[in-house]
Amino acid sequence: MVVGPEDQQENSDEVKTVLKSLDDPETAGLILEEQANALKKILGDPSVLKLIRAHDKLEEGRKQVENQDTKQLAKEVLEELEPKVATDNNAAELSGLLQEPHFLALMESHDAVAFKTYDSPPPYSGIENSNGYGGGEPIRMVGLHKQTNEHLGVTLKVDDGQLVISRIIHGGMIDRQGLLHVGDIIKEVNGKDTGGNAEELQNYLSKSMGKITLKVLPSYHESPALCQVYVRAHFSYDPTKDDLIPCADAGLAFEKGEVLQIVDQEDPNWWQAKRVGSSKEAGIIPSQIYEERRRAGVKKPKSGGGFLCGSKKKQKMMYTSAKNSEFDKHELTLYEEVARMPPFNRKTLILIGAQGVGRRTLKNKLIMSDRARFGTTVPHTSRQPREGEQNGQGYFFVAREEMERDIRAGKYIEYGEYDGNLYGTKIDTIREIMRSGKMCFLDVNPTALKVLKTPEFMPYIVFLAAPKFETLKEINQQALSKGTTNKKRSDEELRNVVAESERLYNLYSHYFDLTLVNTDMDATFQKLEDAIDALSTEPQWVPVSWVY
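Computed from a predicted model, the values in this text were never measured in an experiment. (Residues numbered from 1 in each chain as written. Predicted model: local features only at pLDDT ≥ 70, side-chain atom pairs only at ≥ 80, totals over all residues. Heavy atoms only, no water.)

Student: Would you take a moment to explain helix H17 (residues 491–508) for this structure?
Tutor: Because the α-helix completes a turn every 3.6 residues, residues three or four places apart line up on one side. Under the 1.5 Å per step criterion, the end-to-end length of H17 is 26 Å for 18 residues, consistent within 8% with the ideal 26 Å. Of all the positions in H17, only Leu494, Val497, Val498, Ser501, Leu504 and Tyr508 are classed as buried. Along H17, the residues classed as buried sweep out an arc of 130° about the axis, all on the same side. In H17, those exposed residues whose orientation departs by more than 90 degrees from the buried face are Glu492 and Asn506. (Helix = DSSP H or I, 4+ residues; strand = E, 2+ residues; numbered from the N terminus. Expected span 1.5 Å × (residues − 1). Buried < 20%, exposed > 50% of the residue type's maximum accessible area, 1.4 Å probe, protein only. Arc of directions from axis to C-beta.)

Student: Can you help me understand the pairing of strand S8 (residues 259–264) in this one?
Tutor: Along any regular strand, the residues point their side chains to alternate faces of the sheet. In terms of burial, S8 is largely enclosed, as six of its six residues are buried. Examined bridge by bridge, strand S7 (residues 229–233) and S8 share four bridges and lie antiparallel to one another. Directly across from valine 229, in S8, lies its bridge partner isoleucine 262. Bridge count between S8 and strand S9 (residues 270–275): four bridges; the pairing is antiparallel. By the bridge assignment for S9, leucine 260 is matched with arginine 275. (Pairing = 2+ DSSP bridges.)

Student: Any chance you could explain the packing of helix H16 (residues 469–482) against H17 here in plain terms?
Tutor: Pairs of packed helices are described in terms of their axes, by the angle between the two and the distance that separates them. Between H16 and H17, the shortest axis-to-axis distance is 10 Å and the interhelical angle comes to 125°. Taken as axis vectors, H16 and H17 run oblique relative to one another. In this structure, H16 meets H17 at a crossing whose hand is right-handed. Where H16 abuts H17, its residues Phe469, Leu472 and Lys473 lie against Asp491, Leu494, Arg495, Val497 and Val498. For the contact of H16 with H17, the class distribution of residues is five nonpolar, no polar and three charged. (Axes fitted to C-alpha atoms, helices over the stretch in contact; angles between N-to-C directions. Parallel < 35°, antiparallel > 145°, perpendicular 65-115°, else oblique. Left-handed = near helix turned anticlockwise from the far one by under 90°. Contact = heavy atoms within 4.5 Å. Nonpolar A, V, L, I, M, F, W, Y, C, P; charged D, E, K, R; others polar.)

Student: Where do I start with the pattern of salt bridges in this structure?
Tutor: Side-chain pairing between opposite charges can occur once the charged atoms of the two side chains come close. Enumeration according to the criterion identifies 20 salt bridges in this entry. Across the salt bridge formed by arginine 400 and glutamate 417, the nearest N and O atoms sit 3.3 Å from each other. Of this pair, arginine 400 sits in helix H13 (residues 400–408) while glutamate 417 sits in strand S16 (residues 412–418), and the two are 17 residues apart along the sequence. Among the residues examined, arginine 400 registers a relative accessible area of 27% and is labelled partly exposed. On the accessibility criterion, glutamate 417 (52% relative accessible area) is exposed. Within the structure, one salt-bridge network assembled from shared partners comprises Asp242, Glu291, Arg294 and Arg295. (Salt bridge = Lys/Arg side-chain N within 4 Å of Asp/Glu carboxyl O.)

Student: Honestly, the nonpolar core in this entry has me stumped. Any pointers?
Tutor: Looking at soluble globular proteins, one finds that nonpolar side chains tend to be buried together. Judged by nonpolar contacts, the single largest core of 25 residues is most densely connected at Leu349, Leu366, Met439, Tyr460, Val462, Leu528 and Ile532. Within the residue set of this core, elements represented by two or more residues are strand S12 (348–353), helix H12 (359–369), strand S18 (439–442), strand S19 (459–465), H16, H17, strand S20 (514–517) and helix H18 (521–534). Here this core takes four residues from H18, the largest share from any one element. Beyond its immediate sequence surroundings of up to four residues, isoleucine 532 is in contact with Leu349, Leu366, Arg373, Phe374 and Met439. Listed in part, the 24 residues of the second largest apolar core include Val229, Phe254, Ile262 and Ala273. (Core = buried A, V, L, I, M, F, W, Y, C linked by side-chain atoms within 4.5 Å.)

Student: Where do I start with the side chain of aspartate 242 in this structure?
Tutor: One can find aspartate 242 in the loop between S7 and S8. Overall, aspartate 242 belongs to the buried group, its relative accessible area being 8%. A polar side-chain atom of aspartate 242 sits 2.9 Å from the main-chain amide nitrogen of leucine 244. Polar contacts involving the side chain of aspartate 242 include one to the side chain of arginine 294, which spans 2.8 Å. Setting aside residues no more than four positions away along its own chain, aspartate 242 makes contact with Tyr237, Trp270 and Arg294. (Polar contact = N/O pair within 3.5 Å; in protein donor to acceptor, adjacent residues only side chain to side chain.)

Student: Got a minute to help me understand helix H14 (residues 427–435) in this structure?
Tutor: Every buried residue of H14 is listed here: Ile427, Thr429, Ile430, Ile433 and Met434. The buried side chains of H14 occupy one side of the element, clustering within an arc of 165° when seen end-on. In H14, those exposed residues whose orientation departs by more than 90 degrees from the buried face are Glu432 and Arg435. Directly beyond the C-terminal end of H14, a positive phi value near 90° is found at glycine 437.

Student: Hey, could you run me through the sheet that holds S16 in this one?
Tutor: Sheet strands pair via backbone hydrogen bonds, and the direction of the pair is either parallel or antiparallel. Here we have four strands laid out as an open sheet, ordered S15-S14-S17-S16, and mixed in their pairing. Of all strands in the sheet, those bounded by a partner on one side alone are strand S15 (396–397) and S16. With six bridges connecting them, S16 and strand S17 (residues 421–426) associate as antiparallel partners. The partner of tyrosine 412 across the bridge, within S17, is lysine 426. Along the sheet face, H13 touches strand S14 (380–381), S16 and S17 and points at about 45° away from the line of S17. H14 contacts S14, S15, S16 and S17 of the sheet and is inclined by roughly 35° relative to S17.

Student: What is the right way to look at the environment of isoleucine 367 in this model?
Tutor: Considering the arrangement of structural elements, one finds isoleucine 367 in helix H12. A sequence separation of 74 residues divides isoleucine 367 from phenylalanine 441, and the C-alpha atoms of the two residues are 7.9 Å apart.

And the structure:
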């Protein structure tokens, strides 16, 4: 019951009293003058006074509630109405309203808010459960409006004969409404019992349009926090060709090299992801560990319940273990975690390509175009200098014993032996060029990429790919006619160049920032120069290890 407000003294009067006391000589000796002035300024601010008055009004309103048990008060009113129910329609209607479970719940919520008693209320006694599922289960009715060909954005599984929501697609209809949660049990759709039949419900929902009403047993599971992980995909994926995906309609297709935002990793086998910059809903993609197992031929443990979109075929065993020695020889880099960085210049430029594709020509052309911007390393060798050769020009000449000692100490990024002499590129020569402020141009073996793709060297890795055999043959013939080369290559040699180029791409493409097909050297040079210039003007996605 609500009573009239009691007269209270305004807090503004109390503020005036405090301000007056600050000018009292006895009080002034207890605090510093600066503190007193600051306090006067705060308490004299009109905004502060308004806040104090608003606080008082709110406190008055809360204290005006006399009865802490409005449900008991409703029972008392019912007792007074009982003699009039048979003769007075208004009394009968009021009596019926006061006995409704929803009204009693409202009264109990009122008491909890008014007196800040937020403990879970005990179940109602004497109120019959009318939802038809017994045991006091809290049934919720959820209304949806489905457009033609629109997906609900949810996948289901059968658990103990009941349809349970196993996944909610980020950005989908269900996720946008926020009315359903993972773990909720769907009992009825438009008044029709689901019966725990996933296939039947799938067909029914796919044909339904307009308003859809779901009767749900809520799980009260909290939704996981939105994941903020960005990855670059190093393989292409088409969910329509994946017979193991929980639901192909909810899958997300992507191409090799695309950057994806992972928004949900709750399922260890199937992540939810969306394209960076896309406003469309997320889709399902295979997780890193699941795709690794699939490619290694390791059987996935059988799931406890079937998914909404049907059963899946078993996968053929290719290896007996994920730790198979043959498996360890291959790098399965499927997703690379990346971070978006503002424009910046890379420290090194690495050019990878098959022998005979024009790699050396492109390297020399770029360095000669701007010697103040680009530099390259001078290799070391254990051979004796020839007549006219000077140390540091073309080669650094060192004793074989010294070179072997430095190789064992890991001071060379790559090395090899030719005609009884050692040759190699020392890591310190790369650092020396970087310290000079130039971009170090490296022409190294692809096996060195794993060592060089680090925060220290921050490389921009370009793969110079060979064109098709016919095109490569035509380029060689044109070079012969122009006199730019005097070496005619056989068809076998040209086919080997194409095959080697494809092999390098298949093995190391997950390292490449840019791939250029060299059909014309001048055009390829211009594309490379434009790409390098863009590094200083456009944001870049780089390995997250370079940032954190």
